[in-house]
Amino acid sequence: MENLNKNEGLFWSVFRNKFLNRLIFKGSDFKFSVYTYYEMNNVEWMLYNNHFSLLKEKILRKDRNLNFFIKNPFQLELNSQPIFKYYKDDTELFSNLFKNYRDNKYLSQLTLADLEKLSIKHDNVALLKVLIDELGYCLDKNEMIMFYDCIGSGSFEIATFLYNNYIKDSMDEMDTELKNKIWIDTIGYRSDPNYNEKVQFYYSIISKTIPPFSKAQSTTDRVEINKFSNPVLFSLLIYSSQLKFIIKCCKTISLLLLSTNCQQLEFSYSKKDIIEMEELKKYEIPDLIFTKNELYSKMQSFSFKNTIIQRLYKMVLLFSNSMDSSSTSPNIAFYQIKYNGKINNRIYTTIFKPQSFGYYISGFKDYSTNSLDDYLFEYCRNDRIDRIIPFFKDAIQEILNPSIDQSLKPSKNLLINYAIILNDFEIMEMVYNQLFLGSEDNNIILLDEVYYMNDVKLFDFYIYKLSEQHRLHILNRIGENFLLSTHFKNNYPVHYRNALIYYQHPFQNQLYISRFLAENYKDIPSKSFDVTKKYPLIIHRSIFIDFKLPPTKLTHLNQDGIEVELKIPQYKLHQDGYLSSVVHQLNWVLQYRSQDIKDGTLIISHDFILLTQYLRNNIEETILNDINDSFYHQQKHSNPKILNYLLEEISKRGDIKTIQFLIDQFKNNQPFSDHIINYSKSFSLGIPINQIDFYNYLNNKN
């Protein structure tokens with residue numbers, strides 16, 4: 001509480017400081033998507049952008065303009081008010097929320113029973129406490145039934161709250177049969193995303209003795225039995241799950257074995273398959289057995305020689321099933337291939353490619369590089385010595401074996417492509433030296449993978465292994481890769497100059513320009529490329545893709561070697577369907593090339609100019625100049641709808657000062673004056689806007 005008081009005091013000291021107040025609350029010089037304190041009123045937006053303290057401060061201050069609109073306000077269960085997902089320990093917030101906004105047109109649709117459901121759905125104890133303590137709400141259901149519901153839905157904080165405040169005494173007196181019923185009804189031996197947490201909750205809160213599993217009762221209890229004759233506790237792909245989660249699953253299994261009568265427990269397992277609880281706890285401690293990174297790594301990423309991982313995998317495998325309906329579980333197929341080398345089982349190899357585990361299969365030449373990208377060595381990246389290098393050695397041996405039909409062999413270019421994808425220079429050298437060096441066709445063909453790897457070291461390895469003809473055309477392959485193109489220019493200047501002659505811009509007649517071409521257009525022969533026609537694309541790319549200022553002019557060297565400015569032809573700003581795209585570009589034009597607007601080089605409608613000038617905090621000067629020039633009396637500009645973009649932005653922000661300025665300036669122009677008031681009023685109370693004070697201000701103008 002002391003810290004809260006200090007923070008509140010700090011806030012008000014800043015608020016009263018005129019300079020800091022203006023700096024924080026008035027916005028920036030260009031304010032597209034930048035809002036002042038007073039303009040930020042959308043609850044969903046504030047939560048989405050993690051402005052939790054700001055929203056709370058506004059709720060405590062009873063900010064009239066807070067907008068609780070959501071996209072589907074009537075679909076309570078599917079899309080409930082997002083505020084109930086947060087502030088789970090903050091009773092002060094919910095107390096003030098219901099005190100200050102209970103009559104809000106969206107919040108008022110929620111009954112107290114609805115709010116109870118939301119508290120359970122989001123496991124929000126603070127919300128439930130306020131409902132009970134301050135709103136006088138009596139729980140809609142019997143506390144025990146609600147307790148059941150919370151366990152079943154995984155709302156363990158609410159369940160703990162109910163237990164501590166309503167159920168504990170009766171639970172202490174409850175007989176074993178009733179406690180067993182809670183287990184059977186809410187948890188049982190049934191797969192569930194929250195199964196680990198459910199078992200732990202039951203063991204910690206309800207009973208240290210868990211009812212044993214009985215196959216005879218499995219049908220009655222809706223229990224699925226897997227191929228190991230065990231109940232399916234986990235529906236998951238073990239190999240793609242994080243190690244940390246698999247350890248939790250193993251702890252749950254171990255807990256079930258510890259807390260039940262093992263003689264009655266009809267599990268099928270061998271004692272050596274079960275890891276003791278104390279050992280499992282050690283595995284969870286970062287940097288004791290596993291590093292923190294390893295704990296968050298997928299099971300598939302570990303070496304097949306890691307016996308701890310293998311045991312953890314198998315322990316969960318005994319009580320799991322995959323999430324598909326296939327007759328053979330991918331979990332089993334993965335285990336058998338990775339740990340037992342079962343690559344001759346056609347059922348298993350239909351699910352997983354042996355190459356994923358580093359097994360070389362003779363005659364695999366028909367696998368294209370693209371199809372192997374996704375799974376090449378995917379499950380053996382940490383088995384380089386035992387699996388990956390032997391894979392390449394076996395493939396090289398087969399390629400060099402004259403007794404094997406050439407049509408059955410993989411190509412050597414395909415093999416080195418695998419090494420490139422793997423980005424292993426030692427293996428690349430091995431393949432090149434044994435298959436290419438000294439042979440008649442010792443130049444590797446151009447392979448796109450080299451240029452998409454974005455690795456200059458790989459490029460350097462590759463460049464002199466190309467034929468001269470391929471080097472001359474290399475810019476046509478790497479021109480879209482800024483890093484490699486720049487590296488090529490800076491480190492291989494002779495080859496770069498030679499390649500420029502053969503460079504063909506691949507998007508000459510399309511709405512696109514690469515970064516390398518945009519920044520190095522002077523290098524390209526002007527006969528083959530007219531950069532002036534691409535100027536609007538350079539502006540767009542610089543701002544939105546490369547996040548830099550565009551060049552204010554384009555130049556080239558004339559025949560005398562003197563740098564001269566190129567004339568930009570008439571152009572339009574590149575639009576991609578978003579208003580933000582235009583205003584950001586226009587903001588730059590107004591700052592650096594405003595003459596383009598005055599002389600007509602830039603073709604732009606005036607409604608965009610008005611909106612952009614407003615976002616530049618320059619709307620008053622713009623409007624005054626337009627009125628002095630009788631701009632709004634010209635036939636093509638006499639329609640007041642030309643103000644719509646501007647009015648919409650003003651209404652979103654609830655900007656009373658600017659709307660009053662417009663009303664004053666157009667008071668002698670009745671069509672414009674009426675449109676300003678009526679259009680802004682209708683827009684300000686639109687569902688996503690809800691600027692109440694702004695609307696009331698305009699309503700008084702009628």
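Residues numbered from 1 in each chain as written. Predicted model: local features only at pLDDT ≥ 70, side-chain atom pairs only at ≥ 80, totals over all residues. Heavy atoms only, no water.

A cluster of nonpolar residues, Ile285, Leu288 and Ile289, forms a patch on the protein surface that exposes about 260 Å² of accessible area. When you line up the elements, Leu288 lands in the loop between helix 13 (277-284) and helix 14 (292-295). (Patch = residues over 30% accessible without salt bridge, like charges linked within 9 Å, V, L, I, M, F, W, Y side chains within 5 Å. Areas by Shrake-Rupley, 256 points an atom, 1.4 Å probe, with all protein chains shown as cover. Salt bridge = Lys/Arg side-chain N within 4 Å of Asp/Glu carboxyl O. Helix = DSSP H or I, 4+ residues; strand = E, 2+ residues; numbered from the N terminus.)

Before going further, it helps to examine the packing of helix 32 (residues 606-615) against helix 33 (residues 619-628). Interaxial distance between helix 32 and helix 33 falls to 7 Å at its minimum, and their mutual angle equals 140 degrees. Only Ile619, Thr622, Ile623 and Asp626 of helix 33 make contact with helix 32, whose side of the interface consists of His606, Leu610, Gln613 and Tyr614. Of the residues belonging to the contact of helix 32 with helix 33, the class tally is four nonpolar, three polar and one charged. (Axes fitted to C-alpha atoms, helices over the stretch in contact; angles between N-to-C directions. Contact = heavy atoms within 4.5 Å. Nonpolar A, V, L, I, M, F, W, Y, C, P; charged D, E, K, R; others polar.)

With that settled, consider the confidence of the model for the chain. Confidence in the prediction of the chain, expressed as mean pLDDT, is 86, and 88% of residues score 70 or more. When the criterion is pLDDT under 50, residues 18-27 qualifies, and its contacts beyond four places in sequence or with other chains add up to 12 contacts. When the criterion is pLDDT under 50, residues 72-79 qualifies, and its contacts beyond four places in sequence or with other chains add up to 14 contacts. (pLDDT = per-residue confidence, 0-100.)

If you walk through the whole model with that rule in mind, you get 52 aromatic pairs. An angle of 10 degrees between the planes, with centres 4.9 Å apart, marks the rings of Tyr239 and Phe334 as stacked. Here Tyr239, found in the loop between strand 1 (234-235) and helix 12 (243-258), pairs with Phe334, found in helix 16 (residues 330-340); they are 95 residues apart in sequence, far enough to count as distant. Side by side, Tyr239 and Phe334 carry an identical accessibility label, which is buried. Ring centres 6.2 Å apart and planes at 70 degrees place the aromatic pair Tyr239 and Tyr379 in the edge-to-face group. With Tyr239 in the loop between strand 1 and helix 12 and Tyr379 in the loop between helix 18 (369-372) and helix 19 (384-400), this residue pair connects regions lying 140 residues apart in the sequence. For the residue pair Tyr239 and Tyr379, the accessibility class agrees, reading buried in each case. Grouped by ring-pair contacts, the aromatic residues Tyr239, Tyr313, Phe334, Tyr335, Tyr339, Phe352, Phe357 and Tyr379 constitute a single cluster. Positioned over the ring face of Phe436 is Lys412, at 4.9 Å from the centre of the ring. Above the face of the Tyr432 ring, Lys465 is positioned so that its terminal group lies 4.9 Å from the ring centre. (Phe/Tyr/Trp six-rings, centres within 6.5 Å; stacked < 30°, edge-to-face > 60°. Buried < 20%, exposed > 50% of the residue type's maximum accessible area, 1.4 Å probe, protein only. Lys NZ or Arg CZ within 6 Å of the ring centre and 35° of its normal.)

Next up on the list: unusual backbone geometry. As a rule of thumb, non-glycine residues mostly have phi less than zero, and peptide bonds are mostly trans rather than cis. Of note, the phi angle at Lys62 is positive, near 60 degrees, even though the residue is not glycine. Locating Lys62 in the fold gives a position in the loop between helix 4 (52-60) and helix 5 (91-101). One non-glycine residue, Phe547, adopts positive backbone phi at about 55 degrees. With respect to the helices, strands and loops of the structure, Phe547 is situated in the loop between helix 29 (535-544) and strand 3 (555-557).

Residues Met146, Phe147, Cys150 and Ile151 constitute the buried set of helix 8 (residues 143-153). Angularly, the buried residues of helix 8 cover 140 degrees about the axis, an arc narrow enough to put them on a single face. The N-cap of helix 8, judged by a side-chain oxygen 2.7 Å from the amide nitrogen of Met144 a few residues on, is Asn142. Directly after helix 8, the chain includes Gly154, whose backbone phi takes a positive value near 85 degrees. (Arc of directions from axis to C-beta. Polar contact = N/O pair within 3.5 Å; in protein donor to acceptor, adjacent residues only side chain to side chain.)

Ile83, Phe84, Phe94, Leu97, Phe147, Tyr189 and Leu312 are the most contacted members of the largest nonpolar core, which has 101 residues in total. Ranked by residues supplied to this core, first place goes to helix 12 with nine residues. Discounting chain neighbours no more than four positions away, the residues touching Leu312 are Leu243, Ile246, Ile247, Cys250, Ile275, Leu280, Tyr283 and Met299. Residues Leu415, Phe436, Ile538 and Leu586 belong to the second largest nonpolar core, which totals 69 residues. (Core = buried A, V, L, I, M, F, W, Y, C linked by side-chain atoms within 4.5 Å.)

This part covers the packing of helix 20 (residues 412-422) against helix 21 (residues 425-435). The contact between helix 20 and helix 21 brings their axes to 9 Å, and the two run at 165 degrees. In terms of orientation, helix 20 lies roughly antiparallel with respect to helix 21. Like other packed secondary-structure pairs, helix 20 and helix 21 cross with a definite hand, here left-handed. Facing helix 20, whose interface residues are Lys412, Leu415, Ile416, Ala419, Ile420 and Leu422, helix 21 presents Ile427, Met428, Val431, Tyr432 and Leu435. In the contact of helix 20 with helix 21, the residues fall into 10 nonpolar, no polar and one charged. (Parallel < 35°, antiparallel > 145°, perpendicular 65-115°, else oblique. Left-handed = near helix turned anticlockwise from the far one by under 90°.)

Time to look at the environment of Ser241. Examined against the element boundaries, Ser241 turns out to sit in the loop between strand 1 and helix 12. Beyond its immediate chain neighbours, meaning those up to four positions away, Ser241 contacts Leu236, Ile246, Ser297, Lys298 and Met299.

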